[in-house]
Amino acid sequence: MDDATTTMAAPVHLMPPPEPPKPHEGCDMCRALVRERTEAARAGDWSKVADANVEIGRHLAGQQK
Ligand SMILES: [Zn+2]
């Protein structure tokens, strides 16, 4: 009898967050963070991308315009 129950692990997809925070328009700080995020994404450094998103979100929360 073939009793092999193969439990396959679910495939892991490493993706950037679906909705990254939107930077302020014309804000140097946001622009720098977005640029950092873009470069990190290009390098495939998703943890750095997530960090940049957190930074942008925090910055947006800090100064509501
Ligand atoms: Zn800003």
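Residues numbered from 1 in each chain as written. Predicted model: local features only at pLDDT ≥ 70, side-chain atom pairs only at ≥ 80, totals over all residues.

Caption draft 1: Seen up close, the overall build of the chain. Assigned secondary structure in the chain consists of two helices and zero strands. Put simply, the chain has 65 residues, and 8% of those count as buried. Here the contacts in the chain between residues at least 6 apart in sequence split such that 52% fall between residues at least 24 apart. (Helix = DSSP H or I, 4+ residues; strand = E, 2+ residues; numbered from the N terminus. Buried ≥ 20, exposed ≤ 12 C-beta atoms within 10 Å, placed from the backbone. Contact = placed C-beta atoms within 7 Å.)

Caption draft 2: Quick peek at the environment of Lys 22. Residue placement: Lys 22 occurs in the segment before helix H1 (28-42). Sequence separation of Lys 22 and Asn 53 is 31 residues, and the distance between their C-alpha atoms is 9.1 Å.

Caption draft 3: Local environment of helix H2 (residues 46-62). Taking 1.5 Å of rise per residue, 17 residues should cover 24 Å, and H2 covers 24 Å from first to last C-alpha, within 8% of that figure. Of the residues making up H2, those classed as buried are Val 49, Ala 52 and Ile 56. End-on, the buried residues of H2 take up no more than an arc of 60 degrees, which puts them together on one face. Looking at H2, the residues exposed on the side facing more than 90 degrees away from the buried face are Ser 47, Arg 58, Ala 61 and Gly 62. Turning to H2, the residues buried within the fold contact H1. (Expected span 1.5 Å × (residues − 1). Arc of directions from axis to C-beta.)

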